[in-house]
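# Geometric and topological summary
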Amino acid sequence: MEDQQKKYLWWQEGVVYQIYPRSYQDSNGDGIGDLPGILQRLDYLQWLGVTAVWLSPIYPSPMADFGYDISDYQGIHPLFGNLDDFDALLREIHNRGMKLILDLVPNHTSDQHPWFLESRSSRDNSKRHWYLWHDAGPDGGPPNNWLSVFGGSGWEWDETTGQYYYHAFLKEQPDLNWRNPEVQKAMLDVMRFWLDKGVDGFRVDVMWHMIKDDGLRDNPPNPDYLPHMSTYEQLLPVYSTDQPEVHDLILKMREVLDSYPERMMIGEIYLPIRQLMTYYGVDGRGAHLPFNFQLLQLPWEAPRIAASVDQYEGLLPDHGWPNWVLGNHDQPRITSRVGCEQARVAALLLLTLRGTPTVYYGDEIGMRDVPIPFAEVQDPQGLNMPDKNLSRDPARTPMQWDAGPNAGFTTGKPWLRLGAGFARENVKAQTDDPYSMLTLYRRLITLRQQEPALMTGAYAPVYSDQQVMAYLRGSEGQQRFLIVLNLSHRPAYFNLKDPDMQGTVELATAPEREGMTVGGAVSLAGDEAIIVRLN
Ligand code: NOJ
C-alpha cells in the first residue's frame, strides 16, 4: 500500500532514448544529422512511447572526438543548427510531454576552446591553471605514467611554454583542472545557462575522471592485462580516476540542479558496482542515476546476469534509484553481441527490470554494427589503435527509417555508410509488422508505462539456472507480473515452486505465446521470454 502512495519523478517513471545527433536525421542534405532533423522525428519518438531524449553533444567543436571536444559550451555547432533550432526542439519536446537531457562534458574541453588557447599562450596567463600543466619528469619525459584512453601517453609536450598538459582522451581534449574554483564556477554557469532555457537534465561525460590525484602518483600495472585489450588497460587508473574529491564536485553540480524544480543528472561511470554506488552520494545528493553498464559488459549468460541484477539491487542505497543500459555510442550494439533472436530477450529484460531504462537509437529496430572499411574509419579510438578493432563507428551509423535511398536518413552522402540490411531493418517496414523488433519495443514500453508494477513496482528474484532467469515485479496491492527469460538458444524448463503462482502470458518475444496460461511447469523455446500477468 505504502508503495502506491510514493510519488515518483519523471526520470524514475520514464524511458530514456539516446540520440547520436550526427546519425539520426539529416534535414539539409549535408550527410550529417541535425536538430531540425530530430524535430521531424519527434512524432516517431512519441509514438514509440519514450519519455525523455538524451542528445550526445551538439555544441561547437572541431569534431576531433565527434563533439566530445567542445570549443564553446553555450552554442550549437552549425552542422546541427543554431540556438533558435535548439529552442524550437526543446519547445516541441516539452509540448509532447517529453523531457530533454543534454550531454555535459566537464572533464575536458577542445584544445581550440578559448580557455585552452589562453592557457597555453604563456605560463603566466590567468587561465594557465585552468588545465593540468606540469614540468617534465626527471628524465625529461612525461610527469608520470598515466595513459590516454585513446592510446599512448596521457601527457602532451607543449613546445612554447615548456611543460606537459594532461589529456585523459585525445591530445585535442585537454583535461580541465577541477581543483581550480574558477573552473568550477565556469562549468556550473554552463549548467545554469541550459537549465535556464528549460533543459531537464544532463548526462555527465566521464564523471569518474573529473579530478585526479594531486600528487600525480604513478598508476600501478594491471596484472590482468591481455594483448587484445586497449593499451590504456595496461595500468589500473587508481590515481587518475575515481578520486574521493570527485564527490565534492558532484555535490556542487547537484546543488545547482536542485535550485531548479525536478532536474536530474545521469553520470557516465564505468566502475565496479560497489564503487558505482558511491556516486549516488551521501544522503542521495550525488548523481540521480549513475549509469549502470552491467548489461553492456557482462557475458550474456543467465547465471552471470541474474547474479549481477541481484547484487545491484542489493547494494543500492535506500535513496538510490536503479537504471539499466543495453547500448550506447561507445559500445557494440546488442543485436551484434547476442544475435537477433536473443536481442528480443534483451529488450524484454531491459524494459521489465526495476529502474530507468535507456534505449540507444536504432536498437529498437534491431540495427546491427555496420562493418566500416578501414579507409572510411572516422573514430579516433579506432584510428589510434588500428590493430585492436576498437573503432566505435559500427554502432554509430545512420538511423534506418525506410527502404529508400540512404534509408531516409539523408539526401546527400551519409557521413558513415549505412547498414547493408536497411531494406529490411527500418522503421517503416517494421511499424505494422506484429513480429518486428519495433513492435516488440513499442509494446514493451506501452505496457511498462501502463502498469505501475512494471514502471516502479518492487523487484524480487524467483529463479535462475544455466539458461533461465525469472523474477517478480510489483509491490503490495498492485497487479503483479512474473517475468521469465531464456538467455540461451536451447529450450528450457523450470518448475514454479509456489502453486499459487499462476497467470496468463501478457506479452512475449513470440506473440503466439500470448494469452496462454502459466502455472506449475514453465517451458520456453530457445531465445524466448515472457511476461506473465499473475492471477
Ligand atoms: C565518453 C563518451 O561517451 C565518448 O564517446 C567520448 O569519446 C569520451 N567520453 C571522451 O569524451
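Residues numbered from 1 in each chain as written. Predicted model: local features only at pLDDT ≥ 70, side-chain atom pairs only at ≥ 80, totals over all residues. Heavy atoms only, no water.

### Quick look at the overall build of the chain
Along the backbone of the chain there are 17 helices and 19 strands. Against the 2.2 N^0.38 benchmark of 24 Å for 535 residues, the chain shows a C-alpha radius of gyration of 24 Å, consistent with a compact globule. Along the three orthogonal principal directions, the C-alpha set of the chain runs to about 75 × 50 × 50 Å. Evaluated residue by residue, the chain yields a buried proportion of 60% over its 535 residues. For the chain, long-range pairs separated by at least 24 residues make up 69% of all intrachain contacts whose partners lie at least 6 apart in sequence. Of the roughly 20,600 Å² of accessible surface on the chain, a fraction of 51% belongs to carbon and sulfur atoms. For the chain, the distance from the average position of its 46 positive side-chain charges to the average position of its 70 negative side-chain charges is 3 Å. (Helix = DSSP H or I, 4+ residues; strand = E, 2+ residues; numbered from the N terminus. Rg over C-alpha atoms; globule rule 2.2 N^0.38 Å. Buried < 20%, exposed > 50% of the residue type's maximum accessible area, 1.4 Å probe, protein only. Contact = heavy atoms within 4.5 Å. Areas by Shrake-Rupley, 256 points an atom, 1.4 Å probe, with all protein chains shown as cover. Lys, Arg positive; Asp, Glu negative; His and termini not counted. Charge placed at Lys NZ, Arg CZ, Asp CG, Glu CD.)

### Thoughts on the domain arrangement of the chain
Here the chain is partitioned into domain 1 (2-109 + 181-214 + 240-446), domain 2 (114-166) and domain 3 (459-534). With centres defined by C-alpha atoms, the gap from domain 2 to domain 3 works out at 56 Å. (Domains from an automatic or database assignment.)

### As for the site of the ligand
Taken together, the neighbourhood of the ligand is formed by 14 residues, with Asp65, His108, Asp205, His329 and Asp330 sitting nearest. One nitrogen or oxygen atom from the side chain of Arg203 is found 2.9 Å from an oxygen atom belonging to the ligand. Contacts to the ligand include Asp330, whose side-chain N or O atom sits 2.4 Å from an oxygen atom. Here the ligand loses 97% of its free accessible area of 300 Å² to cover by the protein chains. (Near = heavy atom within 4 Å. Polar contact = N/O pair within 3.5 Å; in protein donor to acceptor, adjacent residues only side chain to side chain.)

### Remarks on helix α8 (residues 246-258)
With 13 residues, α8 should reach 18 Å at 1.5 Å per residue; the first-to-last C-alpha distance of 18 Å fits that figure. For α8, the full list of buried residues reads Val246, Leu249, Ile250, Met253, Arg254, Val256 and Leu257. Projection of α8 onto a plane perpendicular to its axis shows the buried side chains occupying an angular sector of 155°, all on one side. In this structure, the buried residues of α8 make contact with β3 (99-104), α7 (181-197), β7 (201-204) and β8 (264-267). (Expected span 1.5 Å × (residues − 1). Arc of directions from axis to C-beta.)

### Quick look at the pairing of strand β2 (residues 52-55)
The two faces of β2 match: Ala52 and Trp54 on one face and Val53 and Leu55 on the other face are all buried. Bridge count between strand β1 (residues 16-19) and β2: four bridges; the pairing is parallel. Within the sheet, the bridge partner assigned to Val16 lies in β2 and is Ala52. As defined by bridge partners, β2 adjoins β3 across four bridges and the pair is classed as parallel. Counterpart to Leu55 in the pairing with β3 is Leu102. The β-α-β motif built from β2, the intervening helix α5 (residues 83-95) and the parallel element β3 has right-handed crossover chirality. (Pairing = 2+ DSSP bridges. Right-handed = clockwise from strand over helix to strand, strands pointing away.)

### Here's the deal with the pattern of salt bridges
Counting across every chain of the model gives 32 salt bridges. Of the charged contacts in the structure, one is a salt bridge between Lys127 and Glu118, with a shortest N-O distance of 4.0 Å. In this structure Lys127 comes out as buried when scored by relative accessible area, which is 17%. Residue class for Glu118 comes out partly exposed when judged on its relative accessible area of 33%. With a shortest N-O distance of 2.8 Å, Glu514 and Arg443 are connected by a salt bridge. Remark: Arg443 occurs in helix α16 (residues 437-450) and Glu514 occurs in the loop between β16 (502-508) and β17 (517-519); sequence separation between them is 71 residues. Of the residues examined, Glu514 reaches a relative accessible area of 23% and is grouped as partly exposed. (Salt bridge = Lys/Arg side-chain N within 4 Å of Asp/Glu carboxyl O.)

### Some details on the pairing of strand β12 (residues 459-464)
Taken together, the five bridges between β12 and strand β13 (residues 468-473) define a ladder with antiparallel strand orientation. Bridge pairing in β13 places Tyr459 opposite Arg473. Hairpin remark: β12 followed by β13, antiparallel, with three residues in the connecting loop.

### Here's the deal with the environment of Val206
Along the chain, Val206 falls in the loop between β7 and α8. Judged by its relative accessible area of 4%, Val206 is buried. Separated by 98 residues in the primary sequence, Val206 and His108 place their C-alpha atoms 9.5 Å from one another. Those residues in contact with Val206 that lie beyond four places of it in its chain are Asn107, His108, Phe169 and Glu268.

### Considerations on helix α11 (residues 302-315)
Its 14 residues place the ends of α11 20 Å apart at the C-alpha level, agreeing with the 20 Å of an ideal helix rising 1.5 Å per residue. Considered for burial, the residues of α11 that qualify are Ala302, Ile305, Ala306, Ser308, Val309, Tyr312 and Glu313. Those residues of α11 that are buried lie in contact with α9 (273-277), α10 (294-297), β10 (323-325), α13 (340-350), β12 and β13.

### Quick word on unusual backbone geometry
Even without being glycine, Glu262 reaches a positive phi, approximately 50°. Relative to the assigned elements, Glu262 resides in the loop between α8 and β8. The exposure class assigned to Glu262 is partly exposed, which follows from its relative accessible area of 38%. Of note in this structure, Asp527 is not a glycine but carries a positive phi near 55°. With respect to the helices and strands, the residue Asp527 is situated in the loop between β18 (521-524) and β19 (529-534). Exposure remark for Asp527: the relative accessible area of 14% places this residue in the buried category.

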